[in-house]
Amino acid sequence: MLKIVILIFLQTSLLLPAYGWGFRKKNKSKSEEPKPVPKPERTIPEDLQILMDSYSDIKIQAEYSEEKNDWIISFENYGTPQIFYWAEGSVLPEEELINRENYWHVVYKYSNELRDPKTFTEEEIARLKEYGTVKNRKKAPGTPMFFFDAVYASYSRAKIEPHIITIKFLGKGTRVHERILEPLKNVETKILEAEKKSPEVKTFIKELKSAAAYNWRQIDGTKRKSFHSLGIAVDVLPVAYHGGEVFWSWARDKNPERWMMTSIKGRWMPPKEIIDAFESEGFIWGGYWAIWDNMHFEYHPELIAKMKTKENNN
Ligand SMILES: [Zn+2]
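Not measured: the values here are computed from a predicted model.

Colleague: Just checking my understanding: could you explain the packing of aromatic side chains for this structure?
Modeller: Aromatic rings considered in pairs are described by the distance between their centres and by the relative angle of their planes. If you walk through the whole model with that rule in mind, you get 18 aromatic pairs. Between F278 and F283, the aromatic rings sit 5.3 Å apart at their centres with planes inclined by 80°, giving edge-to-face as the arrangement. Classification of F278 by relative accessible area gives buried; the value is 0%. Judged by its relative accessible area of 1%, F283 falls in the buried class. Among the aromatic residues, ring-to-ring pairing joins Y110, F169, F278, F283, W285, Y288, F297 and Y299 into one connected group. The ring of Y64 is capped by R42, whose NZ or CZ atom sits 3.9 Å from the centre of that ring. Geometry around Y152 places R179 over its ring, the cationic atom sitting 5.9 Å from the centre.

Colleague: Quick question: what am I supposed to make of the sheet that holds strand β6 (residues 208-212) here?
Modeller: In a beta sheet, neighbouring strands pair by backbone hydrogen bonds and run either parallel or antiparallel. Spatially, β6-β7-β9-β8 is the arrangement adopted by the four strands of the open sheet, whose pairing is antiparallel. The sheet is open, and its two borders are formed by β6 and β8 (283-285), each paired with just one other strand. Each strand of the sheet is rotated relative to its neighbour by a mean of 20°, with strand direction disregarded. In terms of strand pairing, β6 meets strand β7 (residues 233-238) through four bridges, oriented antiparallel. From the neighbouring strand, L208 faces β7, where its bridge partner is P238.

Colleague: Explanation requested: the side chain of S90 in the structure shown.
Modeller: Summarising the element assignment, S90 is placed in the loop between β3 (80-85) and α3 (122-131). Given the relative accessible area of 0%, S90 is considered buried. Engagement of the side chain of S90 in a polar contact is seen with the backbone oxygen of W104, the distance being 3.1 Å.

Colleague: What's the story with the pairing of β3 in this structure? I'm lost.
Modeller: On any regular strand, side chains alternate: one points to one face of the sheet, the next to the other face. As paired elements, strand β2 (residues 70-77) and β3 share six bridges and run antiparallel to each other. Counterpart to E76 in the pairing with β3 is P81. Between the end of β2 and the start of β3, which pair antiparallel, lie two residues, with Y78 showing a positive phi angle near 50°.

Colleague: How should I be thinking about the packing of helix α7 (residues 181-195) against helix α8 (residues 199-206) in this particular structure?
Modeller: The description of two helices packed together rests on the angle between their axes and the distance between the axes. Two elements in contact, α7 and α8, have axes whose closest approach is 7 Å; the angle formed by their N-to-C orientations is 125°. Regarding the angle of α7 to α8, the classification is oblique. Taking contact as the criterion, the partners of I191, L192, A194 and E195 in α7 are, on α8, V201, K202 and I205. When its residues are assigned to classes, the contact of α7 with α8 shows five nonpolar, no polar and two charged.

Colleague: Is there a simple way to explain the nonpolar core in this structure?
Modeller: One broad rule of soluble globular proteins: the nonpolar side chains tend to lie buried together. The biggest cluster of nonpolar side chains holds 78 residues, and the ones touching the most others in it are Y55, F147, F169, L184, I191 and F278. Among the elements that take part in this core, helix α5 (residues 146-152) stands out by supplying five residues, more than any other. If near-sequence neighbours (up to four positions away) are discounted, F278 is found in contact with F169, L184, V187, I191, F283 and F297. Membership of the second largest hydrophobic core comes to five residues, among which are Y85, A87, L97 and Y103.

Colleague: Quick question: what am I supposed to make of the sheet that holds β3 here?
Modeller: As summarised here, the arrangement of the three strands in space is β1-β2-β3, forming an open sheet in which the pairing is antiparallel. Each edge of the open sheet is held by one strand with a lone partner, namely β1 (61-65) and β3. Pairs of neighbouring strands in the sheet enclose a mean axial angle of 25°, with direction left out of account.

Colleague: What exactly am I supposed to notice about the packing of α7 against helix α10 (residues 272-280) here?
Modeller: Across the interface, α7 lies against α10 with an axial gap of 8 Å and an inter-helix angle of 150°. Of the possible angle classes, the one that applies to α7 and α10 is roughly antiparallel. As α7 runs across α10, the sense of the crossing is right-handed. Counted together, L184, V187, K190, I191 and A194 of α7 and E273, I274, A277, F278 and S280 of α10 form the full contact between these two elements. Residue composition of the contact of α7 with α10, by class: seven nonpolar, one polar and two charged.

Colleague: Would you mind going over the environment of I72 with me for this structure?
Modeller: Following the sequence through the fold, I72 ends up in strand β2. Given a relative accessible area of 23%, I72 falls into the partly exposed group. Residues I72 and Q61, spaced eleven residues apart in sequence, show a C-alpha to C-alpha distance of 8.1 Å.

Colleague: Help me understand α8 in this model?
Modeller: Residues spaced three or four apart along an α-helix point in a common direction, a consequence of the helix completing one turn every 3.6 residues. For α8, the set of buried residues is V201, F204 and I205. The arc that holds every buried residue of α8, seen down its axis, measures 95°, which confines them to one face. α8 presents P199 and K206 as exposed residues on the side facing more than 90 degrees away from its buried surface. For α8, the capping residue at the N-terminal end is S198, with a side-chain oxygen 3.3 Å from the backbone nitrogen of E200.

The rules behind each value
Residues numbered from 1 in each chain as written. Predicted model: local features only at pLDDT ≥ 70, side-chain atom pairs only at ≥ 80, totals over all residues. Heavy atoms only, no water. Phe/Tyr/Trp six-rings, centres within 6.5 Å; stacked < 30°, edge-to-face > 60°. Buried < 20%, exposed > 50% of the residue type's maximum accessible area, 1.4 Å probe, protein only. Lys NZ or Arg CZ within 6 Å of the ring centre and 35° of its normal. Pairing = 2+ DSSP bridges. Helix = DSSP H or I, 4+ residues; strand = E, 2+ residues; numbered from the N terminus. Axes fitted to C-alpha atoms, helices over the stretch in contact; angles between N-to-C directions. Polar contact = N/O pair within 3.5 Å; in protein donor to acceptor, adjacent residues only side chain to side chain. Parallel < 35°, antiparallel > 145°, perpendicular 65-115°, else oblique. Contact = heavy atoms within 4.5 Å. Nonpolar A, V, L, I, M, F, W, Y, C, P; charged D, E, K, R; others polar. Core = buried A, V, L, I, M, F, W, Y, C linked by side-chain atoms within 4.5 Å. Left-handed = near helix turned anticlockwise from the far one by under 90°. Arc of directions from axis to C-beta.

See the structure below:
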């Protein structure tokens, strides 16, 4: 039930080794330019624009600072003014710029395609096995949480809990952040609509045991906060898995050497209609990660928006 955002990135880096780590180059200005040149027109980076559009109710402002050679992002949320640096996509407060190499990008490529483990190379298998060890998970970098903490007021348990609301999702009681009330309600409406046509969806709803969301905790085996701590991740657990594996870490405990080779058929899957309903409302599904978490959905409209861009599909 534990969610590991880094895993998406791991998957991304497995599939696309060229992406992700190569964006650290700084633009060097030509200091030997003889004449002053007019200021170049700055275009907001595409991923920053995606972020601004995905959280448009917050009214994020972005302004380029020649002095800082970076985009400065400002907004006010829950009465608190926020200032971040774009930092090539990591969205960091000024004091963290010095550590920027430790952070991944906030908007990254999310792929909604299931990869058959039979196509993994030996190198990929070795990387996944290595990643699955507790030692490596403790030191792995992660998604920078500064932006999300500002959006969800998730600085501490005391700060976030006034924004956590108890609701029912498909008949199960759960606690979620107020910001995802509407998208989650829409997901439910779509699922109930799909139930009328699909016996699989009907069975899914009938066999749903729980829909656990908010839980102030760290990601298992790491010091990082889970997105469950923000109340924006939901685990849909069935009463029975019918022999399928549901979570990579449980499979690893049974088979530390070859857990990553668990076939797609050997995993418990929510019906496609369920995944589609969540995705259409801005939730990513943990089942697409190389380190799969098939019960897990997480609200990231920026990643769904990124998925729809041309760049992501090239
Ligand atoms: Zn989860």
